[in-house]
Amino acid sequence: MKKLVSVVLMLSCCLLMITVIAVADENGCTKTRSLPVKSGKLYKDYYGSAVTSDKSILHGFRWGITNPKPQSMAYFGGTMKATGSFASFRAKIYIDDGIKAPMEFSFKNKDRNGEVLKSVTVEPGETVDVKFDTGGSKQIFVQSELRINHDTAKRIVIGEPEFYSCITK
(Lines give C-alpha, C1' and ligand atoms only; values in the text may rest on other atoms or scores of the structure.)
Protein backbone atom coordinates (compact mmCIF):
# COMPACT_ATOMS: atom_id res chain seq x y z
CA MET A 1 0.00 0.00 0.00
CA LYS A 2 2.83 2.40 0.87
CA LYS A 3 4.44 1.69 -2.49
CA LEU A 4 1.19 2.41 -4.34
CA VAL A 5 0.76 5.73 -2.51
CA SER A 6 4.37 6.67 -3.36
CA VAL A 7 3.85 5.87 -7.07
CA VAL A 8 0.59 7.84 -7.21
CA LEU A 9 2.22 10.79 -5.44
CA MET A 10 5.21 10.74 -7.79
CA LEU A 11 2.97 10.57 -10.90
CA SER A 12 0.84 13.43 -9.57
CA CYS A 13 3.93 15.58 -9.05
CA CYS A 14 5.17 14.81 -12.58
CA LEU A 15 1.79 15.71 -14.08
CA LEU A 16 1.73 18.97 -12.10
CA MET A 17 5.25 19.89 -13.30
CA ILE A 18 4.30 19.22 -16.94
CA THR A 19 1.21 21.41 -16.56
CA VAL A 20 3.20 24.26 -14.99
CA ILE A 21 5.82 24.11 -17.77
CA ALA A 22 3.11 24.16 -20.48
CA VAL A 23 1.40 27.17 -18.89
CA ALA A 24 4.72 28.99 -18.47
CA ASP A 25 5.60 28.44 -22.13
CA GLU A 26 2.17 29.60 -23.29
CA ASN A 27 1.97 32.67 -21.07
CA GLY A 28 5.71 33.25 -20.60
CA CYS A 29 5.60 36.91 -21.55
CA THR A 30 6.54 38.92 -18.51
CA LYS A 31 6.49 42.19 -20.43
CA THR A 32 4.76 43.18 -23.66
CA ARG A 33 4.72 46.05 -26.09
CA SER A 34 1.14 46.67 -27.20
CA LEU A 35 -1.04 48.82 -29.43
CA PRO A 36 -4.66 49.02 -28.23
CA VAL A 37 -7.18 49.53 -31.03
CA LYS A 38 -8.94 52.47 -29.35
CA SER A 39 -9.40 55.11 -32.04
CA GLY A 40 -10.80 55.65 -35.49
CA LYS A 41 -7.23 55.98 -36.78
CA LEU A 42 -6.67 52.30 -36.00
CA TYR A 43 -10.08 50.99 -37.10
CA LYS A 44 -12.10 51.16 -40.31
CA ASP A 45 -15.73 50.00 -40.27
CA TYR A 46 -16.78 47.57 -42.98
CA TYR A 47 -20.41 47.38 -41.92
CA GLY A 48 -22.34 47.92 -38.72
CA SER A 49 -19.54 48.53 -36.23
CA ALA A 50 -17.67 51.34 -34.54
CA VAL A 51 -14.74 51.69 -32.14
CA THR A 52 -15.70 53.31 -28.83
CA SER A 53 -14.75 53.75 -25.21
CA ASP A 54 -18.36 54.30 -24.07
CA LYS A 55 -18.46 51.85 -21.16
CA SER A 56 -22.27 51.94 -21.02
CA ILE A 57 -22.46 49.87 -24.24
CA LEU A 58 -19.28 47.77 -23.95
CA HIS A 59 -20.43 45.04 -21.53
CA GLY A 60 -17.77 45.98 -18.96
CA PHE A 61 -14.82 46.49 -21.35
CA ARG A 62 -12.74 49.70 -21.22
CA TRP A 63 -12.75 50.09 -25.03
CA GLY A 64 -13.86 48.02 -27.97
CA ILE A 65 -15.67 47.61 -31.24
CA THR A 66 -19.44 47.26 -31.15
CA ASN A 67 -22.66 47.80 -33.07
CA PRO A 68 -24.03 51.27 -32.24
CA LYS A 69 -27.60 50.10 -32.90
CA PRO A 70 -29.37 46.71 -32.97
CA GLN A 71 -28.76 44.64 -36.10
CA SER A 72 -30.42 41.75 -37.91
CA MET A 73 -29.62 40.10 -41.23
CA ALA A 74 -26.38 42.07 -41.50
CA TYR A 75 -22.61 41.78 -41.51
CA PHE A 76 -20.58 42.94 -38.54
CA GLY A 77 -16.99 43.78 -39.29
CA GLY A 78 -14.09 46.06 -39.92
CA THR A 79 -10.32 46.37 -40.20
CA MET A 80 -7.95 46.88 -37.28
CA LYS A 81 -4.65 48.50 -38.27
CA ALA A 82 -1.27 48.30 -36.56
CA THR A 83 1.13 51.22 -36.83
CA GLY A 84 4.15 49.00 -36.27
CA SER A 85 5.21 45.38 -36.24
CA PHE A 86 3.49 43.12 -33.70
CA ALA A 87 3.67 39.34 -33.37
CA SER A 88 0.27 38.70 -31.80
CA PHE A 89 -3.29 39.91 -31.38
CA ARG A 90 -5.74 39.52 -28.49
CA ALA A 91 -9.30 40.52 -27.67
CA LYS A 92 -12.48 39.21 -26.06
CA ILE A 93 -15.71 38.68 -27.97
CA TYR A 94 -19.14 38.99 -26.37
CA ILE A 95 -22.55 38.50 -27.98
CA ASP A 96 -25.77 39.27 -26.12
CA ASP A 97 -27.98 36.48 -24.84
CA GLY A 98 -30.89 37.60 -27.03
CA ILE A 99 -29.11 36.26 -30.12
CA LYS A 100 -30.74 32.92 -30.91
CA ALA A 101 -27.76 30.93 -32.27
CA PRO A 102 -23.95 30.81 -31.97
CA MET A 103 -22.00 33.23 -34.16
CA GLU A 104 -18.71 32.54 -35.92
CA PHE A 105 -16.10 35.30 -36.03
CA SER A 106 -13.21 35.21 -38.50
CA PHE A 107 -10.00 37.20 -38.21
CA LYS A 108 -8.36 37.55 -41.62
CA ASN A 109 -5.06 38.88 -42.92
CA LYS A 110 -5.44 42.36 -44.50
CA ASP A 111 -9.04 42.36 -45.76
CA ARG A 112 -12.24 40.33 -46.06
CA ASN A 113 -10.69 38.16 -48.79
CA GLY A 114 -7.49 37.46 -46.82
CA GLU A 115 -6.20 34.28 -45.26
CA VAL A 116 -8.06 33.27 -42.09
CA LEU A 117 -5.74 33.75 -39.11
CA LYS A 118 -8.25 32.62 -36.47
CA SER A 119 -11.93 31.63 -36.26
CA VAL A 120 -13.94 31.40 -33.07
CA THR A 121 -17.53 30.47 -32.30
CA VAL A 122 -19.34 32.42 -29.60
CA GLU A 123 -22.51 31.21 -27.89
CA PRO A 124 -25.26 33.71 -26.96
CA GLY A 125 -24.43 35.47 -23.68
CA GLU A 126 -20.86 34.16 -23.74
CA THR A 127 -17.51 35.99 -23.69
CA VAL A 128 -14.62 34.24 -25.46
CA ASP A 129 -10.90 35.08 -25.24
CA VAL A 130 -9.15 35.33 -28.60
CA LYS A 131 -5.35 35.19 -29.03
CA PHE A 132 -3.35 34.40 -32.13
CA ASP A 133 -0.12 35.11 -34.00
CA THR A 134 -0.53 37.83 -36.62
CA GLY A 135 2.03 36.35 -39.01
CA GLY A 136 3.38 39.88 -39.41
CA SER A 137 0.06 41.27 -40.65
CA LYS A 138 -0.41 45.00 -40.03
CA GLN A 139 -4.12 44.81 -40.83
CA ILE A 140 -6.61 42.33 -39.45
CA PHE A 141 -10.14 42.16 -40.77
CA VAL A 142 -12.74 40.82 -38.31
CA GLN A 143 -16.13 39.68 -39.55
CA SER A 144 -19.28 37.87 -38.57
CA GLU A 145 -22.70 37.59 -40.11
CA LEU A 146 -26.12 37.86 -38.51
CA ARG A 147 -28.37 35.41 -40.30
CA ILE A 148 -32.08 34.79 -40.06
CA ASN A 149 -31.62 32.15 -37.32
CA HIS A 150 -29.80 34.67 -35.10
CA ASP A 151 -32.76 37.10 -34.83
CA THR A 152 -31.59 40.56 -33.63
CA ALA A 153 -28.29 41.44 -32.01
CA LYS A 154 -28.61 44.19 -29.44
CA ARG A 155 -24.92 44.01 -28.63
CA ILE A 156 -21.84 42.43 -30.19
CA VAL A 157 -18.53 43.50 -28.64
CA ILE A 158 -14.92 42.93 -29.64
CA GLY A 159 -13.57 43.96 -26.24
CA GLU A 160 -10.17 45.54 -25.68
CA PRO A 161 -8.62 44.50 -29.00
CA GLU A 162 -4.87 45.02 -29.22
CA PHE A 163 -1.80 44.06 -31.18
CA TYR A 164 1.13 43.01 -28.97
CA SER A 165 4.61 41.51 -28.91
CA CYS A 166 6.44 39.77 -26.11
CA ILE A 167 9.53 41.71 -24.99
CA THR A 168 10.97 39.25 -22.43
CA LYS A 169 10.26 35.71 -21.34
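See above for the structure.
Here's a quick rundown of the structure.

**Focus: the pattern of salt bridges**
One pass over the full model with this rule turns up five salt bridges. Of the charged contacts in the structure, one is a salt bridge between Glu160 and Arg62, with a shortest N-O distance of 3.2 Å. With Glu160 in strand E11 (residues 156-168) and Arg62 in the loop between strand E3 (50-52) and strand E4 (64-66), this pair connects stretches of sequence that are 98 residues apart. On the accessibility criterion, Glu160 (19% relative accessible area) is buried. Linking Lys100 and Asp151 is a salt bridge whose minimum nitrogen-to-oxygen distance equals 3.9 Å. In this pair, Lys100 is assigned in the loop between strand E6 (88-95) and strand E7 (103-109) and Asp151 in the loop between strand E10 (139-145) and E11, connecting sequence segments 51 residues apart. A residue is classified by how much of its surface remains accessible, and Asp151, at 39% relative accessible area, is partly exposed.

**Focus on the sheet that holds strand E2 (residues 43-47)**
Strand-to-strand pairing in sheets goes through backbone hydrogen bonds, with the strands running parallel or antiparallel. Sheet architecture is open: five strands sit in the order E2-E5-E10-E7-E8, paired in antiparallel fashion. The sheet terminates laterally at E2 and strand E8 (116-122), the two strands that pair on one side only. Mean inter-strand twist for the sheet, computed between neighbouring axes without regard to direction, equals 15 degrees. Sheet topology note: the E7/E8 ladder contains six bridges and is antiparallel. Bridged to Glu104 within E8 is Thr121.

**Points about unusual backbone geometry**
Its identity is not glycine, yet His59 carries a phi of approximately 55 degrees, on the positive side. Within the secondary structure, His59 sits in the loop between E3 and E4. Owing to a relative accessible area of 44%, His59 belongs among the partly exposed residues under this scheme. Unlike most non-glycine residues, Glu160 shows phi in positive territory, near 50 degrees.

**Comments concerning a nonpolar patch on the surface**
Together, Tyr46, Tyr47 and Tyr75 line one region of the surface with nonpolar side chains, adding up to about 320 Å² of accessible area. Checked against the element boundaries, Tyr46 lands in strand E2.

**Things to note about the side chain of Gln71**
Tracing the backbone through its elements, the reader meets Gln71 in the loop between E4 and strand E5 (75-81). Overall, Gln71 belongs to the buried group, its relative accessible area being 8%. From its side chain, Gln71 meets the backbone oxygen of Gly48 in a polar contact 3.0 Å long.

**Examining the pairing of E6**
One face of the sheet, then the other: side chains in a regular strand alternate in exactly this way. Burial within E6 is extensive, with six of its eight residues counted as buried. Of the pairings in the sheet, the one linking E6 to E11 comprises seven bridges and is antiparallel in character. Each bridged residue has a counterpart across the sheet, and for Ser88 the counterpart in E11 is Tyr164.

**Remarks on the layout of surface pockets**
In this structure, the second largest pocket occupies an estimated 190 Å³ of space. Looking at the second largest pocket, the residues that line it are Tyr75, Pro102, Met103, Glu104, Phe105, Ser106, Gln143, Ser144, Glu145, Arg147 and His150. Top contributing element to the lining of the second largest pocket by residue count: E7, with four residues. In terms of residue class, the lining of the second largest pocket is built from four nonpolar, four polar and three charged.

The rules behind these values
Residues numbered from 1 in each chain as written. Predicted model: local features only at pLDDT ≥ 70, side-chain atom pairs only at ≥ 80, totals over all residues. Heavy atoms only, no water. Salt bridge = Lys/Arg side-chain N within 4 Å of Asp/Glu carboxyl O. Helix = DSSP H or I, 4+ residues; strand = E, 2+ residues; numbered from the N terminus. Buried < 20%, exposed > 50% of the residue type's maximum accessible area, 1.4 Å probe, protein only. Pairing = 2+ DSSP bridges. Axes fitted to C-alpha atoms, helices over the stretch in contact; angles between N-to-C directions. Patch = residues over 30% accessible without salt bridge, like charges linked within 9 Å, V, L, I, M, F, W, Y side chains within 5 Å. Areas by Shrake-Rupley, 256 points an atom, 1.4 Å probe, with all protein chains shown as cover. Polar contact = N/O pair within 3.5 Å; in protein donor to acceptor, adjacent residues only side chain to side chain. 1 Å grid on protein atoms, 1.4 Å probe; cavity = no way out; pocket = protein on both sides within 12 Å on 5 of 7 lines; lining within 4 Å. Points joined across faces, edges and corners; volume = space filled by probe spheres on them. Nonpolar A, V, L, I, M, F, W, Y, C, P; charged D, E, K, R; others polar.

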